[in-house]
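Listed below are the residues making up each chain.
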Amino acid sequence: MQYQRLKTTAGTLTVPVLDTEATSKLSITWHWAASSYTVTKYQKTRYHFVIDKDGHACHGVPIEKNLDNKNQRRQPGYAAHVLNANSNNIGISAAAMGDARESAARRGSYGSWPLTKEQIASLIEVAAQLCYCYRLPVLPTRVLGHEEWDSIMGRPQDRWDVNCIPHLDIRPHLNSDGGYDSTNYLRQQAQRRVAELAQPDDPAQREKQLAAFSSFVTFHDQAYAAQFPVETIRSIKQLRQQPPLGEFAREDLPVSEQ
Ligand SMILES: [Zn+2]
């Protein structure tokens, strides 16, 4: 297994170099640990990354332990962070929300250890960096909150992370498409960050790229996808076929056709 370092605003992350077989199956799940702000050893056995109060991302379980594809089987000690959906699923968790309750959050009360602004920024940053590195589109079926494994993917979880964003007072609100306002916001911001990583020096290109990604962020099914221009679909397919890492050409990420 080879590794690469990602310089992120949440700290330097060491992650495995993966082939397209592996990256095509990846998903990312956002959590909170239902804990105080203290990052514990236990949390580091449950998630791949745990984010402290100040937004620093601590390494937990190595990502490769959760891979399950023809090159590698899921290994003992994998991160069990979602019920019945841990294969190829990367878990990013914020140490927070210990005594928070969903019913109270609906009224604007978030407990003793509400998610901090810095934690939210790093949940977005780590997901975006992984999406860019592994060419993972920011789809609601691929980048989602823990609870959305139930509301979008139909796998009951009995959890409510990450259904609110305290400092923005985004309260738990489920949309008809199964996504929450909070995680839709996180995806939107992650998508914005991916565009920035792909086009750091060219705002015009960044906007085009953002438009291409935006086309994909609000739907969950193929029928809906079929409404989009074939070029956009193709660009996402190409995205998935890109080599996992190496020198990034700026054109590598999808740009919608005019
Ligand atoms: Zn969770």
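Given the structure is predicted, the values throughout are model-derived calculations rather than measurements.

Q: I tried to follow the overall build of the protein on my own but got confused; where do I start?
A: When helices and strands are counted, the protein shows 9 helices and 7 strands. Buried positions account for 42% of the 258 residues belonging to the protein. A fraction of 60% describes how many contacts in the protein between residues 6 or more apart in sequence connect residues 24 or more apart.

Q: Before we go on, may I ask you to explain helix α4 (residues 117–134) in this structure?
A: For an α-helix the count is 3.6 residues per turn, leaving residues at separations of three or four pointing the same way. For α4, with 18 residues, the first-to-last C-alpha span of 26 Å sits near the 26 Å given by 1.5 Å per residue. Note on α4: the residue one or two positions beyond its end, Arg-135, has a positive phi of about 55 degrees.

Q: How do you make sense of the sheet that holds strand β6 (residues 89–94) when you look at a structure like this?
A: By definition, the strands of a sheet pair up through backbone hydrogen bonds, in either a parallel or an antiparallel sense. Spatial strand order, β5-β4-β6-β3-β7: 5 strands in an open sheet with mixed pairing. The open sheet is flanked by β5 (57–59) and β7 (143–145), the only strands paired with a single partner. For this sheet the average axis-to-axis angle between neighbouring strands, irrespective of direction, equals 25 degrees. As paired elements, strand β3 (residues 27–32) and β7 share 3 bridges and run parallel to each other.

Q: What is the right way to read unusual backbone geometry from this model?
A: Across residues other than glycine, the phi torsion is negative in most instances, and most of the peptide bonds are trans. Omega for the peptide link from Asp-161 to Val-162 comes to 5 degrees, which places this bond in the cis form. Take Val-162: it is sitting in the loop between α5 (148–151) and α6 (181–198). Of note in the backbone geometry, Met-97 takes a positive phi value of approximately 70 degrees without being a glycine. Here Met-97 shows up in the loop between β6 and α3 (102–105). One non-glycine residue, Asp-169, lies in positive phi territory at about 50 degrees. Secondary-structure assignment places Asp-169 in the loop between α5 and α6.

Q: Help me out: how do you make sense of the nonpolar core in this one?
A: Proteins that are soluble and globular tend to have nonpolar side chains buried together. The biggest cluster of nonpolar side chains holds 59 residues, and the ones touching the most others in it are Ile-92, Leu-123, Ala-127 and Cys-131. Looking at this core, the elements that each hand over two or more residues are β2 (11–16), β3, β4 (49–51), β6, α4, β7 and α6. Looking at which element gives the most residues to this core, the answer is α4, with 11 residues. When neighbours within four sequence positions are excluded, Leu-123 is seen to be in contact with Trp-30, Ile-51, Ile-92, Ala-94 and Leu-186.

Q: Sorry if this is basic, but what is going on with the environment of Leu-67 here?
A: For Leu-67, the location among the structural elements is in the loop between β5 and β6. C-beta crowding within 10 Å serves as the criterion here: with 25 such atoms nearby, Leu-67 is assigned to the buried category. Sequence separation of Leu-67 and Asn-86 is 19 residues, and the distance between their C-alpha atoms is 8.7 Å. With sequence-adjacent residues up to four places away left out, Leu-67 is seen in contact with Ala-22, Gln-72, Arg-74 and Asn-88.

Q: Just to check I follow, could you spell out the packing of α4 against α6 for this structure?
A: Between two packed helices, both the angle of their axes relative to each other and the distance between the axes serve to describe the pair. At a minimum axis separation of 8 Å, α4 and α6 run at an interaxial angle of 50 degrees. When the axes of α4 and α6 are compared, the pair comes out oblique. Along this stretch, α4 crosses α6, giving a crossing that reads as right-handed. Along the contact surface, α4 presents Leu-123, Ile-124, Glu-125, Ala-127, Ala-128, Cys-131 and Tyr-132, while α6 presents Leu-186, Gln-189, Ala-190, Arg-193, Val-194, Leu-197 and Ala-198. Class assignment for the residues of the contact of α4 with α6 results in 11 nonpolar, 1 polar and 2 charged.

Q: Would you explain the confidence of the model for the protein in this entry?
A: Regions with low pLDDT carry predicted coordinates that are not meant to be interpreted in detail. Averaged over all residues, the pLDDT of the protein is 82; the fraction at 70 or higher stands at 80%. Confidence drops under pLDDT 50 across residues 215–258; counting only partners more than four residues distant or on other chains, this segment forms 66 contacts.

Q: Can you help me understand the pairing of strand β1 (residues 3–8) in this one?
A: The two faces of the sheet receive side chains in turn, since in a regular strand these alternate between them. With 0 of 6 residues buried, β1 is to be regarded as a mostly surface element. Two strands pair when backbone bridges link them, and β1 and β2 are joined in this way by 6 bridges, in the antiparallel orientation. Within β2, the residue paired with Lys-7 across the bridge is Thr-12. Joining the antiparallel neighbours β1 and β2 is a turn of 2 residues.

Rules behind the numbers
- Residues numbered from 1 in each chain as written.
- Predicted model: local features only at pLDDT ≥ 70, side-chain atom pairs only at ≥ 80, totals over all residues.
- Helix = DSSP H or I, 4+ residues; strand = E, 2+ residues; numbered from the N terminus.
- Buried ≥ 20, exposed ≤ 12 C-beta atoms within 10 Å, placed from the backbone.
- Contact = placed C-beta atoms within 7 Å.
- Expected span 1.5 Å × (residues − 1).
- Pairing = 2+ DSSP bridges.
- Axes fitted to C-alpha atoms, helices over the stretch in contact; angles between N-to-C directions.
- Core = buried A, V, L, I, M, F, W, Y, C linked by C-beta atoms within 7 Å.
- Parallel < 35°, antiparallel > 145°, perpendicular 65-115°, else oblique.
- Left-handed = near helix turned anticlockwise from the far one by under 90°.
- Nonpolar A, V, L, I, M, F, W, Y, C, P; charged D, E, K, R; others polar.
- pLDDT = per-residue confidence, 0-100.

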